[in-house]
Amino acid sequence: MEQNQKEFFMSEALKEARKAKNIGEVPIGAVIVLDGTIIGRGHNERETSNDATTHAEMNAIRQANKKLDNWRLEDAEMFVTLEPCPMCSGAIILSRIKKVYYGASDLKAGTAGTLMNLLEDERFNHQAEVERGLLLEECKELLQSFFRELRKKRKAENRKHLKRTKAAE
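How each quantity is defined
- Residues numbered from 1 in each chain as written.
- Predicted model: local features only at pLDDT ≥ 70, side-chain atom pairs only at ≥ 80, totals over all residues.
- Heavy atoms only, no water.
- UniProt positions renumbered as here; feature names shortened; annotations may be inferred.
- Buried < 20%, exposed > 50% of the residue type's maximum accessible area, 1.4 Å probe, protein only.
- Core = buried A, V, L, I, M, F, W, Y, C linked by side-chain atoms within 4.5 Å.
- Helix = DSSP H or I, 4+ residues; strand = E, 2+ residues; numbered from the N terminus.
- Contact = heavy atoms within 4.5 Å.
- Expected span 1.5 Å × (residues − 1).
- Pairing = 2+ DSSP bridges.
- Axes fitted to C-alpha atoms, helices over the stretch in contact; angles between N-to-C directions.

Asks: Got a sec to walk through the UniProt feature "active site" (unreviewed entry) in the protein chain? Specific residues and values, please.
Replies: As annotated in UniProt, the feature "active site" (unreviewed entry) corresponds to Glu57 in the numbering used here. By relative accessible area, which is 3% here, glutamate 57 ends up buried.

Encoded structure:
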């Protein structure tokens with residue numbers, strides 16, 4: 001796949017990540033591509049769904065499975081803004097996705113090369129090739145700005161709580 005095509009599909013994953021941010025979710029997005037066409041899209045929905053499995057990658061895989069009416073995604077490629085976690089890496093392996101492109105590394109839960117590399121581990125019956133750092137700065141900035149805003153909001157809420165507590169005394 002040409003670099004400009006890769007960047008286009010990652011920009012589509014970034015659109016999904018922004019959807020997550022707009023509903024108060026951690027801004028992670030994913031798209032699945034087969035033969036140059038997006039067949040699955042997803043963004044984080046854990047907070048809104050109260051379902052720990054509704055990560056961007058899982059939602060995109062579910063949508064692609066439905067579109068193809070098949071659990072196998074053998075020739076498909078995934079573009080995701082943050083390195084997959086263990087659950088998502090497992091689903092990627094089980095659905096037989098051919099290649100994963102991700103933007104930012106996940107220092108706390110990344111299993112596509114950071115903490116370990118489940119996707120390319122030859123002990124499994126299927127491996128997915130991994131390409132790291134695609135549109136890294138855009139992916140990283142979206143996550144960092146989200147958490148910066150979240151910390152600022154929580155700090156302001158804590159100040160309000162302290163003022164109310166002092167006023168009640």
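Asks: Give a description of the nonpolar core that names residues and reports values.
Replies: In terms of nonpolar packing, the biggest core is built from 43 residues, with Ile32 and Phe79 touching the most fellow members. Elements that contribute at least two residues to this core include exactly helix H1 (3–22), strand E1 (29–34), helix H3 (56–68), strand E3 (77–82), helix H4 (86–95), strand E4 (99–104) and helix H5 (136–168). In this structure, phenylalanine 79 is in contact with Met1, Lys6, Phe9, Met10, Ala13, Gly29, Ala30, Val31, Val33, Tyr101 and Leu134, ignoring residues within four places of it in sequence.

Asks: How would you summarise H1 if you had to cite specific residues and measurements?
Replies: Its 20 residues place the ends of H1 28 Å apart at the C-alpha level, agreeing with the 28 Å of an ideal helix rising 1.5 Å per residue. Buried within H1 are the following residues: Lys6, Phe9, Met10, Glu12, Ala13, Leu14, Glu16, Ala17 and Ala20. Looking one or two residues past H1, glycine 24 carries a phi angle of roughly 85 degrees, positive in sign.

Asks: A description of the sheet that holds E4 should follow, citing residues and the corresponding values.
Replies: Within the open sheet, the five strands sit side by side as E2-E1-E3-E4-E5. Their pairing is mixed. A single partner strand is all that each edge strand has here, and the edge strands are strand E2 (37–43) and strand E5 (129–132). Sheet twist, expressed as the average angle between the axes of neighbouring strands with direction ignored, equals 15 degrees. Across five bridges, the pairing between E3 and E4 is parallel. Looking at the pairing, glutamate 77 lines up with lysine 99 of E4.

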